[in-house]
Amino acid sequence: MLTAKIGKVSKVLICGAKGVGKTALLEQLIYGNITLESEIHPTIEDIYVASVDTGRGGPRETLRIYDSAGLFQGSKAQLPRHYLYFPDGYVLVYDPTDPQSLDMLADIKTDIDKNKEKKEVPIIVLANMRSKRKDTPPSPTQQAQMQNNQADPVELILNRANAWCSRERIKHYTVNAMERPSLYEPFINMCARLHPPQTKSTFPQLRQVMQKTQKTEA
Ligand SMILES: Nc1nc2c(ncn2[C@@H]2O[C@H](COP(=O)(O)OP(=O)(O)OP(=O)(O)O)[C@@H](O)[C@H]2O)c(=O)[nH]1
């Protein structure tokens, strides 16, 4: 007999401004084949399927991840309407060197909240750190800023994002599309929230209550 268990499939939308690295993140997460030399074309829409081990035992869970076309900056950012109805969760991405790409996420989040009705819809925010690495020496501009005791603008944007995310009760992650391990935690977290552990059947408790009632009636 075939007994392979197939977990639930959840739909997740990844969205944000144009060119913040949404496709690079997904390709890296799923295939691990992205390098600085990879040629990536702007997305219209693509679907990726990820089989995720949440580390809780049991079958792997499946995420169907929709990569969306990046939104243009300028006027109020609006997701195409159908993206507000079908996703079970959202991954919002911004580039911490570009403050407008962060501002845009607030508009997207408001739109999601307005349309989610009573459903619980997990949202996470990813700051794609591009190639900023701890071992990279500071650029001449950063050196000048440090000499003038000015804060690093990327740090300021990350702080602003952290403050917004904690107000909105959203988890904020700093990742780098070129570093695959940095992508695991956010997607495992999203998957675990979309597939909470099954609670045990309440029938045994129900049976106990019925037995007690019968005893008191006798
Ligand atoms: N150096 C570096 N380049 C990156 C990184 N992430 C993305 N890029 C580059 O930035 C460009 C845009 O990346 P995409 O992944 O296409 O961005 P996107 O958000 O999917 O873009 P749209 O589909 O147009 O919205 C590509 O040339 C990527 O190679 C990164 O972490 N580091």
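An account of the accompanying structure is given in this report. As a convention, each chain's residues are numbered from 1 in the sequence order in which they are written. The predicted origin of the model limits local features to residues at a pLDDT of at least 70 and limits the giving and counting of side-chain atom pairs to 80 or more, whereas totals for whole chains, interfaces and linings rest on all residues. The basis for every side-chain value is the complete set of non-hydrogen atoms in the structure, without hydrogens or water.

### Some points on helix α4 (residues 153–168)
Residues three or four positions apart in an α-helix share a direction because the helix packs 3.6 residues into each turn. Across its 16 residues, α4 extends 23 Å between first and last C-alpha, which sits within 8% of the 22 Å expected from 1.5 Å per residue. The classification of residues rests on relative accessible area computed with a 1.4 Å probe and restricted to protein chains. Under 20% of the type maximum is buried, over 50% is exposed, and intermediate values are partly exposed. Strands are runs of DSSP state E lasting at least 2 residues, helices are runs of H or I lasting at least 4, and numbering of each runs from the N terminus. Three or more residues of α4 are buried, namely V154, I157, L158, A161, W164 and C165. All buried residues of α4 lie within an arc of 125° about the axis, which places them on one face of the element. Exposed and oriented more than 90 degrees from the buried face of α4 are S166 and R167. Buried residues along α4 sit in contact with β4 (89–94), α2 (99–115), β5 (123–128) and β6 (171–175). Polar contact criterion, stated in full: a pair of N or O atoms within 3.5 Å, where within protein one must be able to donate a hydrogen and the other to accept it, and residues adjacent in sequence count only if both atoms are side-chain atoms. Capping the start of α4 is the job of one residue whose side-chain oxygen sits 3.0 Å from the backbone nitrogen of V154: D152. R169 sits one or two residues past α4 and shows a positive phi near 55°. Multiplying 1.5 Å by the residue count of a helix minus one yields the expected span of that helix. For this quantity, the arc is that covered by the directions from the helix axis to the C-beta atoms. Whether two residues are in contact is decided by their heavy atoms: any pair within 4.5 Å suffices.

### Points about the packing of helix α1 (residues 22–30) against helix α5 (residues 181–194)
Between α1 and α5, the least distance of the axes is 10 Å, while the angle of their chain directions is 90°. Put simply, α1 runs roughly perpendicular to α5. Together, L25, L26, Q28 and L29 of α1 and L183, Y184 and F187 of α5 make up the contact between the two elements. Here the residues of the contact of α1 with α5 sort into 6 nonpolar, 1 polar and no charged. Comment: axis = line fitted to C-alpha atoms, over the contacting stretch for helices; angle = value between 0 and 180 degrees taken between N-to-C directions. An angle below 35 degrees is read as roughly parallel, one above 145 as roughly antiparallel, one from 65 to 115 as roughly perpendicular, and any other as oblique. Three classes are used: nonpolar for Ala, Val, Leu, Ile, Met, Phe, Trp, Tyr, Cys and Pro, charged for Asp, Glu, Lys and Arg, and polar for all others, with Gly counted as polar.

### Side note on the nonpolar core
Throughout this description, the term nonpolar core refers to a set of buried Ala, Val, Leu, Ile, Met, Phe, Trp, Tyr and Cys residues connected via side-chain atoms within 4.5 Å. Of all hydrophobic cores here, the largest spans 54 residues; its most connected members are I65, L79, V91, L92, Y94, I108 and L126. At 6 residues, α4 tops the list of elements feeding residues into this core. Residues within four places of L126 in sequence aside, it is in contact with L25, V91, L92, V93, Y94, Y173, V175, P186 and F187.

### Brief notes about the packing of aromatic side chains
Pairing of aromatic side chains requires ring centres within 6.5 Å, counting the rings of Phe and Tyr and the six-membered ring of Trp. Pairs whose planes differ by under 30 degrees are stacked, by over 60 edge-to-face, and all others tilted. Tallying each qualifying case throughout the model produces 3 aromatic pairs. With a centroid separation of 6.4 Å and an interplanar angle of 55°, the aromatic rings of Y31 and Y48 are classed as tilted. Taken as a pair, Y31 in the loop between α1 and β2 (45–52) and Y48 in strand β2 lie far apart in primary sequence, 17 residues in all. Residue classification places Y48 among the buried residues on the basis of a relative accessible area of 6%. Grouped by ring-pair contacts, the aromatic residues Y66, Y83 and F86 constitute a single cluster.

### Notes on the pattern of salt bridges
Salt bridge, as used here: a side-chain nitrogen of Lys or Arg that lies within 4 Å of a carboxyl oxygen of Asp or Glu. Inspection of every chain in the model, using the stated rule, returns 5 salt bridges. The residue K109 makes a salt bridge to D113 at a minimum N-O spacing of 2.5 Å. Highlighted residues: K109 and D113, both in helix α2, separated by 4 residues, approximately one helical turn. When its relative accessible area of 9% is taken as the criterion, K109 is described as buried. Residues joined in a network through salt bridges with shared partners are K109, D113, K116 and E168.

### Here's the deal with unusual backbone geometry
Positive phi, close to 55°, is recorded for R169, a residue that is not glycine. By the secondary structure assignment, R169 is in the loop between α4 and β6. According to the relative accessible area criterion, R169 is exposed, its value standing at 76%.

### Re the side chain of H195
Summarising the element assignment, H195 is placed in the loop between α5 and α6 (203–217). The exposure class assigned to H195 is buried, which follows from its relative accessible area of 5%. Other than its neighbours up to four places away in sequence, H195 contacts K8, V9, S10, R56, E61, T62 and L63.

### Focus on the sheet that holds β6
Should DSSP find at least two bridges between two strands, the strands are regarded as paired. If you trace the 6 strands from one edge of the open sheet to the other, you get β2-β3-β1-β4-β5-β6, paired in mixed fashion. The outermost strands of the open sheet, each flanked by one partner alone, are β2 and β6. Taking the axes of each pair of neighbouring strands and ignoring which way they run, one obtains an average angle of 25° across the sheet. Here β4 pairs with β5 via 5 bridges, running parallel. When the sheet's bridge partners are listed, Y90 is paired in β5 with I123. Packing against the sheet, α1 makes contact with β1 (9–16), β2, β3 (61–68), β4, β5 and β6, and its axis sits at approximately 155° to β3. Contacts from α5 reach β1, β2, β3, β4, β5 and β6 within the one sheet, and its direction differs from that of β5 by about 175°.

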